[in-house]
Amino acid sequence: GRLALSDIITERPLPASVTCNAGLWAACIGGAMQNDAYQEAIEQAGEAIVITDPEANIRYANPAFETVTGYSREEAVGKNTRLLNSGQQSAEFYRELWNTLHSGHTWHGSLVNRRKDGSFYSEEESISPVFDDQGRIANYVAVKRDVSARLHLEDQLIQARKMESVGRLAGGIAHDFNNMLGIVL
């Protein structure tokens with residue numbers, strides 16, 4: 001069957017005082033999500049949305065997560081987000097990420113992750129801590145956008161511009177060479 005966000009996140013409703021940092025949904029997890037429209041919006045979002053516990057174990061992932069990573073929600077829920085680790089980021093990168101989150105701030109950045117099939121993908125990500133009514137971090141909410149296609153197109157554009165420059169340079173050299181040959185002949 002279909003996994004409901006409220007079924008996965010928590011066994012009990014959270015108090016109305018639960019807030020999400022950086023203006024993310026004020027009542028984004030657990031029983032606090034009363035409005036079906038919010039749940040449907042998260043389910044239908046084009047960006048992957050993942051909610052984890054404080055130890056980064058996945059508690060919820062939307063369908064876009066499945067599309068991007070190749071992991072079904074059933075496979076991902078309960079697993080640590082290290083499941084996606086590509087090895088492309090340094091330990092220092094992750095230290096800075098976690099220091100930002102543990103200090104109660106939202107982390108924004110880009111990283112390379114690994115799909116279920118082993119292929120890499122680039123994503124821009126925003127991770128925000130979600131606080132309980134006592135000010136402790138209860139969950140993290142990540143909104144992730146796969147930017148692999150955009151980066152590939154940017155690389156192609158850079159290569160095309162380089163080739164255009166090389167072509168202009170070669171044309172200029174040929175013209176100068178022709179001028180010199182004209183003087184000799």
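Residues numbered from 1 in each chain as written. Predicted model: local features only at pLDDT ≥ 70, side-chain atom pairs only at ≥ 80, totals over all residues. Heavy atoms only, no water.

Moving on, we come to the overall build of the protein. Tallying secondary structure elements over the protein gives 6 helices and 6 strands in all. Secondary structure elements of the protein occur, N-terminal to C-terminal, as α-β-α-β-β-α-α-α-β-β-β-α. Here the protein holds 185 residues, and the buried ones make up 35% of them. Carbon and sulfur atoms form 55% of the exposed surface of the protein, whose accessible area is close to 10900 Å². (Helix = DSSP H or I, 4+ residues; strand = E, 2+ residues; numbered from the N terminus. Buried < 20%, exposed > 50% of the residue type's maximum accessible area, 1.4 Å probe, protein only. Areas by Shrake-Rupley, 256 points an atom, 1.4 Å probe, with all protein chains shown as cover.)

For strand β2 (residues 48-52) and strand β3 (residues 58-61), the ladder comprises 3 bridges, and the chain directions are antiparallel. Across the sheet, Thr 52 pairs through a bridge with Ile 58, a residue of β3. Once β2 ends, the chain turns through 5 residues before running back antiparallel as β3, passing Ala 56 with a positive phi of about 75°. (Pairing = 2+ DSSP bridges.)

In this section: the pairing of strand β5 (residues 120-131). The element β5 is largely enclosed, with a buried count of 10 among its 12 residues. As defined by bridge partners, strand β4 (residues 107-114) adjoins β5 across 8 bridges and the pair is classed as antiparallel. Bridging from a neighbouring strand, Arg 114 pairs with Phe 120 of β5. What sits between β4 and β5 in their antiparallel hairpin is a turn of 5 residues, with Gly 118 showing a positive phi close to 95°. Count of turn residues in the β5/strand β6 (residues 137-146) antiparallel hairpin: 5 residues, of which Gly 135 carries a positive phi of about 80°.

With that settled, consider the pattern of salt bridges. Considering all chains together, one arrives at 8 salt bridges under this definition. A salt bridge links Glu 123 to Lys 144; its shortest N-O distance comes to 2.9 Å. One end of the pair, Glu 123, is in strand β5; the other, Lys 144, is in strand β6, and 21 residues separate them in sequence. We classify Lys 144 as buried; its relative accessible area is 9%. A salt bridge links Asp 132 to Arg 136; the shortest N-O distance between them is 3.1 Å. (Salt bridge = Lys/Arg side-chain N within 4 Å of Asp/Glu carboxyl O.)

Functional significance is not addressed by these values, which are geometric in nature.
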